[in-house]
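Listed below, chain by chain, are the residues.
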Amino acid sequence: MFVYRDMTYYIILLVVYSILGLKESFRPISAKYKNIYTFFLVFPMFILTALRSVNIGNDTISYMSAYNSLSYMPNFVIVYLDGRMEIGYLFLSWLCNQIGLSYLQFQCIISAFIYFSFYKFFKWYSLNVALCCFLFITMFRMGGTMNVIRMYCAIAILIYAIPCVLKRRLGAFLLVVVLASLFHKSSFIFIVLYPLCIRKYNRVEHGFIIFSSIIIAYLGASFFEWLTTSLDLYEGYVNEERFDNMNHTAVFLGLLITLLIYLYAKLMGYFGQPQYGALVNINDVCIKKQSITLEYFCRISLIITIGLSIIGLTNNIMGRVSGYFSIVTLIIISAVLFNMRNSYMKIFVYGVIIFLYTAYFIVILLYRPDWNHLVPYEWGI
């Protein structure tokens, strides 16, 4: 019973989101109220993340120590030369430190930026905001915002690259990707999305992505030792011992879930949408260059996620990198469910989704509480 009390905040949110999500499945929120509705749903997750104790999250204490050490640095040049983190995160940390903000205040600023981006993401693309929030918690993306915060800063920035892809604005897309890489270098991999979305659909090309992933997974440590040394990234994660002693259960489960989502969407006709949609309208002038449909963007993102998940069978770091692309699963699940015509089948599928993801969330917290260290929850104020 004590363990469940430790999860009280999360369980309350899951219950509220699941009830509202069922209502949205049949009666979507009107555009007039979607802004405020989305804000109130995202706000509790922001509060739990921003005002958490340094004991919540595996890396929070390390981030706090790094932040507090900046007070002894006379200028940013020394901070950058002495730091191991990316220049964007270092500069923001140093600037807030110079202003005199405590680590908790800095944590609030970072969390506000991350959740504001997800607020925009849900508002722009979700057909069921409450279900997306439910999945955001249970798929441990909320756990990510409490742990790998530099990576989630990068993801928060990359959200603004999505409309650049859809509207085929290459310059703006590259700018956003570069900005994201200033917070986490691995986010530069997002650049592959643009050419894959713009190029005409090619089943053989997409099959080659999966085949290449299998080859890379087979090569294992030797490939990643070469790659990470070349990129100066994640070197400490690819030694032979880490590959040999890796627990594949969680990675395999993640790949299985991604494959099921892909099959679920394909069987329901979600990927039957065309690659190009309506003509782009810029400054009230309709130009000939057509926009990429959201459905096609999600399809390409999911194919890349599957490829990275296959590679992840021999290197769990790919589970992190795939997060840049797998975020679209929140949109896919809610959209496919919303478009189901049979009411009874919709209720059944919705119930299965809620049950499976709730069970996954609780089992992880009970049997692997150190994975993201979310319980017992403590306030930092």
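Now for a description of the structure that goes with this document. The model shown is predicted, which means the values in this text are computed figures rather than measured ones. (Residues numbered from 1 in each chain as written. Predicted model: local features only at pLDDT ≥ 70, side-chain atom pairs only at ≥ 80, totals over all residues. Heavy atoms only, no water.)

Examining the overall build of the chain
Next, step 1: Tallying secondary structure elements over the chain gives 22 helices and 2 strands in all.
Next, step 2: For the chain, with 381 residues in total, the buried portion stands at 49%.
Next, step 3: Intrachain contacts of the chain at a sequence separation of at least 6 include 76% that bridge at least 24 residues.
Next, step 4: Element-wise, carbon and sulfur atoms account for 67% of the exposed surface of the chain, whose accessible area totals about 18500 Å². (Helix = DSSP H or I, 4+ residues; strand = E, 2+ residues; numbered from the N terminus. Buried < 20%, exposed > 50% of the residue type's maximum accessible area, 1.4 Å probe, protein only. Contact = heavy atoms within 4.5 Å. Areas by Shrake-Rupley, 256 points an atom, 1.4 Å probe, with all protein chains shown as cover.)

Considerations on empty space enclosed by the protein
The gaps left among the atoms become clear once a water-sized probe is rolled over them.
Next, step 1: In total, this model carries 2 cavities of 30 Å³ or more according to the counting rule given.
Next, step 2: Within this model, the largest cavity holds a volume of roughly 60 Å³.
Next, step 3: Taken together, I155, L158, I159, I162, F190, F297, Y324, I327 and V328 make up the full set of residues lining the largest cavity.
Next, step 4: Among the residues forming the lining of the largest cavity, the class breakdown is 9 nonpolar, no polar and no charged.
Next, step 5: Together, R52, Y103, F106, Q107, I110, S111, T145 and I149 line the second largest cavity. (1 Å grid on protein atoms, 1.4 Å probe; cavity = no way out; pocket = protein on both sides within 12 Å on 5 of 7 lines; lining within 4 Å. Points joined across faces, edges and corners; volume = space filled by probe spheres on them. Nonpolar A, V, L, I, M, F, W, Y, C, P; charged D, E, K, R; others polar.)

Re the nonpolar core
Next, step 1: Ranked by size, the top nonpolar core spans 119 residues in total, and within it Y10, F118, F122, F190 and F297 carry the most contacts.
Next, step 2: Ranked by residue count, the leading element in this core is helix α18 (residues 294-311), at 12 residues.
Next, step 3: Look past the residues within four positions of F297 in its chain and what remains in contact with it is I162, V165, L166, F190, L193, C197, I292 and V328. (Core = buried A, V, L, I, M, F, W, Y, C linked by side-chain atoms within 4.5 Å.)

Focus on the packing of aromatic side chains
Next, step 1: Evaluated as defined, the whole model comprises 33 aromatic pairs.
Next, step 2: Through a chain of ring-to-ring contacts, the aromatic side chains of Y115, F118, F121, F122, W124, Y125, F136, Y152 and Y160 assemble into a single cluster.
Next, step 3: Here K346 stacks its cationic end above the ring of F26, 5.0 Å away from the centre of that ring. (Phe/Tyr/Trp six-rings, centres within 6.5 Å; stacked < 30°, edge-to-face > 60°. Lys NZ or Arg CZ within 6 Å of the ring centre and 35° of its normal.)

Topic: the packing of helix α8 (residues 129-138) against helix α22 (residues 343-367)
Each pair of packed helices gets described by two things: the angle between the helix axes and the distance between those axes.
Next, step 1: One way to put it is that α8 packs onto α22 with a least axis distance of 9 Å and a crossing angle of 25°. By the angle class used here, α8 and α22 are roughly parallel. With respect to the hand of their crossing, α8 and α22 are arranged in left-handed fashion. On the side of α8, the interface is formed by L131, F134, L135, I137 and T138, while α22 contributes Y350, I353, I354, Y357, T358, Y360 and F361.
Next, step 2: Its residues assigned to classes, the contact of α8 with α22 comprises 10 nonpolar, 2 polar and no charged. (Axes fitted to C-alpha atoms, helices over the stretch in contact; angles between N-to-C directions. Parallel < 35°, antiparallel > 145°, perpendicular 65-115°, else oblique. Left-handed = near helix turned anticlockwise from the far one by under 90°.)

A short note on unusual backbone geometry
Next, step 1: The omega torsion of the bond from V375 to P376 falls at -5°, within 30 degrees of zero and hence cis.
Next, step 2: In this fold, P376 is placed in the segment after α22.
Next, step 3: Its identity as a non-glycine residue notwithstanding, R168 has a phi of 60°, on the positive side.
Next, step 4: With respect to the secondary-structure elements, R168 resides in the loop between α11 (162-166) and α12 (170-181).

Remarks on helix α21 (residues 329-338)
Next, step 1: Extensive coverage of α21 is indicated by the burial of 9 of its 10 residues.
Next, step 2: Every buried residue of α21 is listed here: T329, L330, I331, I332, I333, S334, A335, V336 and L337.

Digging into α18
Next, step 1: With 18 residues, α18 extends 26 Å from end C-alpha to end C-alpha; this agrees with the ideal 26 Å at 1.5 Å per step.
Next, step 2: Among the 18 residues in α18, 17 count as buried, and that is most of the element. (Expected span 1.5 Å × (residues − 1).)

Points about the pattern of salt bridges
Next, step 1: One pass over the full model with this rule turns up 2 salt bridges.
Next, step 2: Between R150 and E86 there is a salt bridge whose closest N-O contact spans 2.9 Å. In this pair, R150 is assigned in helix α10 (residues 149-158) and E86 in the loop between α5 (76-82) and α6 (87-99), connecting sequence segments 64 residues apart. Across the pair, E86 and R150 agree in class, each one buried.
Next, step 3: One salt bridge in this structure joins R199 and E205, with 2.9 Å as the shortest N-O distance.
Next, step 4: R199 sits in the partly exposed class, given a relative accessible area of 45%. (Salt bridge = Lys/Arg side-chain N within 4 Å of Asp/Glu carboxyl O.)

Details of the packing of α21 against α22
Next, step 1: Following both chains from N to C, one finds α21 and α22 inclined at 155°, their axes separated by 10 Å at the closest point. When the axis of α21 is compared with that of α22, the two are roughly antiparallel. Of the residues in α22, those touching α21 at I333, L337 and F338 are K346, V349, Y350, I353 and Y357.
Next, step 2: Partitioning the contact of α21 with α22 into residue classes produces 7 nonpolar, no polar and 1 charged.

Quick look at a nonpolar patch on the surface
Next, step 1: Residues V77, Y80, L81, I87, L175, L179 and L182 make up a contiguous nonpolar surface patch of about 660 Å² in total accessible area.
Next, step 2: Those elements that provide at least two residues to the nonpolar patch are α5 and α12.
Next, step 3: For the nonpolar patch, the element with the most residues is α5, which contributes 3 residues.
Next, step 4: As for its position among the elements, L81 is in helix α5. (Patch = residues over 30% accessible without salt bridge, like charges linked within 9 Å, V, L, I, M, F, W, Y side chains within 5 Å.)

Here we look at the side chain of E86
Next, step 1: By relative accessible area, E86 is classed as buried at 7%.
Next, step 2: Side-chain polar atoms of E86 contact the side chain of R150, separated by 2.9 Å.
Next, step 3: Contact partners of E86, with chain neighbours within four places excluded, come to R150, S181, L182, F183, H184 and K185. (Polar contact = N/O pair within 3.5 Å; in protein donor to acceptor, adjacent residues only side chain to side chain.)

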